[in-house]
Amino acid sequence: MSPIGITLLMAVAFAGFGWLAWRKLAIVAALQPEVRWDRPASRLAAVVRNGFLQQRMIARDWKPGLMHAAIFLGFIGLLVRKIQLIVIGYYEPFTYPGAFGAGFAAFKDVIELMVLAALAYAFWRRYVRPPARLEPNREALLILSLITAIVITDLLFDGFRFALFAGSDAGIAHERAFAFAGRVVEAAVSGLSPAAQHAGYVLSYWTQLVVVFAFLVLLPTGEHFHIVTALPALFFHRGRPANVVPGIDLEAVFADDADPDTVTVGARTAADLTWKEGLDAFTCTECGRCKDACPTFLTGKPLSQKWVHDSVKHHLLAQRATLLDRARGSDALPALVPDVIGEDTLWACTTCGYCEAACPIELEHLPRFFRLRQRRVLMDGEFPHELKAVFAAYEVQSNPWGFPAEKRAEWADGLDVPVATTPEEVAGLDWLLYVGSAASFDPRGQRIARALVAILKAAGVRFAILGAAETSTGECVRRAGNELIFQTLAQGLVATLNGLGVKRIVTPDPHAFNALKNEYPAFGGQWEVVHHTQLIAQLIAEGRVRVERKYERVIYHEPCYLSRHNGEYEAPRAILRAVAKDAPLEFPLSREKAMCCGAGGGRMWLEERIGRRINVARVEQALPQAPKAIATACPYCAVMVADGISALDRVDAIDARDVAELVAAALVGAKRTAAS
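(A) Summary view of the side chain of E470. Inspection of the secondary structure puts E470 in the loop between β2 (463–464) and α24 (475–479). Given a relative accessible area of 2%, E470 falls into the buried group. If near-sequence neighbours (up to four positions away) are discounted, E470 is found in contact with R408, L433, Y434, V435, G436 and S440.

(B) Representation of the nonpolar core. Judged by nonpolar contacts, the single largest core of 166 residues is most densely connected at L316, L497, L516, Y520, W527 and V663. For this core, the element with the highest residue contribution is helix α6 (residues 138–165), accounting for nine residues. Core analysis: the next-biggest nonpolar cluster, separate from the first, contains 11 residues, C352, Y561, M595 and A617 among them.

(C) The pattern of salt bridges, seen in detail. This structure, assessed with the given rule, holds 47 salt bridges. A salt bridge links R81 to D154, with the nearest nitrogen and oxygen atoms 2.7 Å apart. One end of the pair, R81, is in helix α4 (residues 62–90); the other, D154, is in helix α6, and 73 residues separate them in sequence. Across the pair, D154 and R81 agree in class, each one buried. Taken together, the shared-partner salt bridges in this structure form one network comprising E34, R36, R238, K276, D280, E356 and E364.

(D) Fine view of the sheet that holds strand β3 (residues 504–507). Strand order in the open sheet formed by four strands is β2-β1-β3-β4, with parallel pairing between adjacent strands. Looking at the sheet topology across the chains shown, the edges are occupied by β2 and β4 (528–531). Taken together, the two bridges between strand β1 (residues 431–433) and β3 define a ladder with parallel strand orientation. Directly across from L432, in β3, lies its bridge partner I505. Packing against the sheet, helix α27 (residues 532–541) makes contact with β1, β3 and β4, and its axis sits at approximately 80° to β4.

(E) View of the packing of helix α5 (residues 98–127) against α6. Running from N to C, α5 and α6 cross one another at 150°; their axes reach a closest spacing of 10 Å. Between α5 and α6, the interaxial angle falls into the category roughly antiparallel. Read as a crossing pair, α5 and α6 show a hand that is left-handed. Counted together, K108, D109, E112, V115, L116, L119, A122, F123, R126 and Y127 of α5 and A140, L141, L144, S145, I147, T148, V151, I152, D154, L155 and D158 of α6 form the full contact between these two elements. Per-class residue counts for the contact of α5 with α6 are 13 nonpolar, two polar and six charged.

(F) Molecular detail of the state of the cysteines. Scanning the entire structure with this criterion turns up zero disulfides. Between C349, a free cysteine, and C355, which holds the nearest cysteine sulfur, the sulfur-to-sulfur gap is 6.4 Å. Cysteine C637 remains unbridged, with the sulfur of C597 as its closest cysteine sulfur at 3.8 Å.

(G) Focus on unusual backbone geometry. With an omega of 10°, the peptide bond between V337 and P338 qualifies as cis. Considering the arrangement of structural elements, one finds P338 in helix α16 (residues 336–339). One non-glycine residue, T351, lies in positive phi territory at about 60°. Mapping T351 onto the fold places it in the loop between α17 (343–348) and α18 (354–358). Phi at S398 takes a positive value of approximately 60°, unusual for a residue other than glycine. If you trace the backbone, S398 turns up in the loop between α20 (386–397) and α21 (423–427).

Thresholds, definitions, all that
Residues numbered from 1 in each chain as written. Predicted model: local features only at pLDDT ≥ 70, side-chain atom pairs only at ≥ 80, totals over all residues. Heavy atoms only, no water. Helix = DSSP H or I, 4+ residues; strand = E, 2+ residues; numbered from the N terminus. Buried < 20%, exposed > 50% of the residue type's maximum accessible area, 1.4 Å probe, protein only. Contact = heavy atoms within 4.5 Å. Core = buried A, V, L, I, M, F, W, Y, C linked by side-chain atoms within 4.5 Å. Salt bridge = Lys/Arg side-chain N within 4 Å of Asp/Glu carboxyl O. Pairing = 2+ DSSP bridges. Axes fitted to C-alpha atoms, helices over the stretch in contact; angles between N-to-C directions. Parallel < 35°, antiparallel > 145°, perpendicular 65-115°, else oblique. Left-handed = near helix turned anticlockwise from the far one by under 90°. Nonpolar A, V, L, I, M, F, W, Y, C, P; charged D, E, K, R; others polar. Disulfide = S-S within 2.5 Å.

Spelled out as structure tokens, the structure:
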């Protein structure tokens with residue numbers, strides 16, 4: 001072909017790619033350090049599983065998942081073909097020899113036909129019947145067109161090459177024998193004159209390589225940079241749900257010798273972002289999967305993980321010079337909130353975690369928002385006005401309602417519920433019942449606590465509560481950015497529980513469950529913690545609780561902090577199967593794709609002024625199945641679902657009840673056994 005031509009083309013393309021890629025990667029390197037290379041074996045496993053095998057991509061939405069997997073496989077497989085084409089530029093008759101050449105020729109044709117089918121589906125899906133999550137995107141059209149051009153010109157090149165040289169070159173003839181698609185193209189062009197065939201041969205070769213190297217140069221300029229960065233992003237991913245808020249070393253912050261230049265609270269500017277957060281912004285594929293069950297996107301709020309990544313990406317590029325000039329410092333940068341991420345966007349998040357769970361390359365979102373909220377609350381004093389009273393109530397009375405602590409156990413009046421006050425009393429228990437603020441003070445939650453007591457007594461479980469000594473876990477204020485109040489509450493509650501020698505805790509509150517299980521170990525709290533549905537399911541399975549099948553058409557609403565954040569999907573469903581006459585119903589958005597009720601992340605206490613109410617939208621999703629009851633497993637979900645039913649004027653038709661309430665009403669007796 002032309003050794004000089006192919007050399008110049010590669011030199012220009014690789015230089016352009018390197019320069020454009022470094023414009024972004026230099027920004028990533030300049031951001032805050034963070035260790036992300038521990039556990040190399042599990043990280044590599046994630047790269048294989050979700051990178052090369054595309055497991056999460058296919059499992060979450062199989063049709064576009066298979067489409068993307070086919071294109072990705074084609075991209076990987078055809079790299080070998082591009083090496084061959086480059087060598088042809090220097091030595092025209094080059095083919096892969098022997099069995100490898102034969103196998104690759106057939107494999108290449110299969111891959112290219114598969115990619116063409118996937119591209120046809122991609123065009124149809126994006127431009128004929130696009131889902132709501134896909135937005136108009138000129139880059140997508142360009143990239144799909146370039147890939148189509150690469151595949152078609154490659155098939156044409158084979159056809160023209162076989163027609164010209166298969167009769168005179170043994171290597172090309174060997175390749176032709178196995179390239180079934182190439183032979184079809186050869187047959188189609190065989191009637192052309194030798195001059196026309198040669199022109200097609202040269203044109204298809206250089207067109208393909210120019211497109212390939214143009215594609216390479218274009219990669220760093222847009223969203224398809226993820227072709228380069230997705231596998232590294234997968235390797236450096238967190239590897240667990242976002243169920244722990246990044247902590248702040250408050251002792252260092254408030255130390256007399258604290259240096260304001262080195263001690264930071266939360267995140268204020270782009271310079272406070274970690275390098276992984278920068279990498280994620282440049283890696284976002286803009287597939288929109290984070291929107292599918294996002295409660296904010298589905299109800300018209302100005303928030304989706306994709307939009308935030310996009311805003312951060314453009315801001316990082318706009319501030320590149322400042323970020324790379326460390327001498328100027330972060331004071332030269334605008335604040336991320338509200339200049340890049342709006343206040344309404346920051347505070348819309350319910351912290352349900354769906355966006356992270358749905359992302360096919362496990363990009364991260366919540367830790368950044370938690371740190372932005374910490375900065376706004378603790379340093380800027382800027383947050384929704386409703387939270388002022390909530391923070392004050394937590395600080396003074398250790399509950400968001402502001403009720404006196406001595407009233408915390410009034411829900412149990414007349415139930416003969418023991419209150420543990422000494423280590424000796426705790427030592428004789430099977431479980432300490434941590435009630436939580438919602439089940440202690442909210443009338444709806446109190447019914448859940450009373451139902452749980454009835455179940456535990458029926459099973460002969462030895463349990464007690466702390467009464468007035470119980471304090472809030474503070475998980476709500478932590479997710480609303482007030483780390484100071486949270487750490488004060490956490491240290492106090494840990495001291496109480498450890499002082500009593502508590503070993504095992506059961507709670508009906510998934511938010512408290514998550515905090516006690518996943519966040520309190522950092523403050524010295526090492527206990528076995530279970531959610532009440534887990535314990536109830538165990539008691540039913542052991543025969544210690546017997547129930548009758550008395551309910552019909554029950555649909556289960558998934559609490560985010562039980563399911564997505566802690567992986568418990570089966571216990572509540574096992575319980576419902578035990579008390580229902582028919583198979584429990586499922587929301588269209590259920591299990592891993594369940595939609596939040598809208599209460600998480602402090603949103604329980606904030607008014608919804610933008611878009612539709614999340615809890616109403618969630619109840620509406622159940623209506624086509626005509627449920628008689630919506631079962632919940634969280635006192636906050638119970639309130640939100642009940643309010644949604646009321647807003648839709650369906651109170652007479654649909655009941656909102658916690659799983660524990662359904663079980664308590666279905667009790668027919670139990671085995672009285674010793675403690676478990």
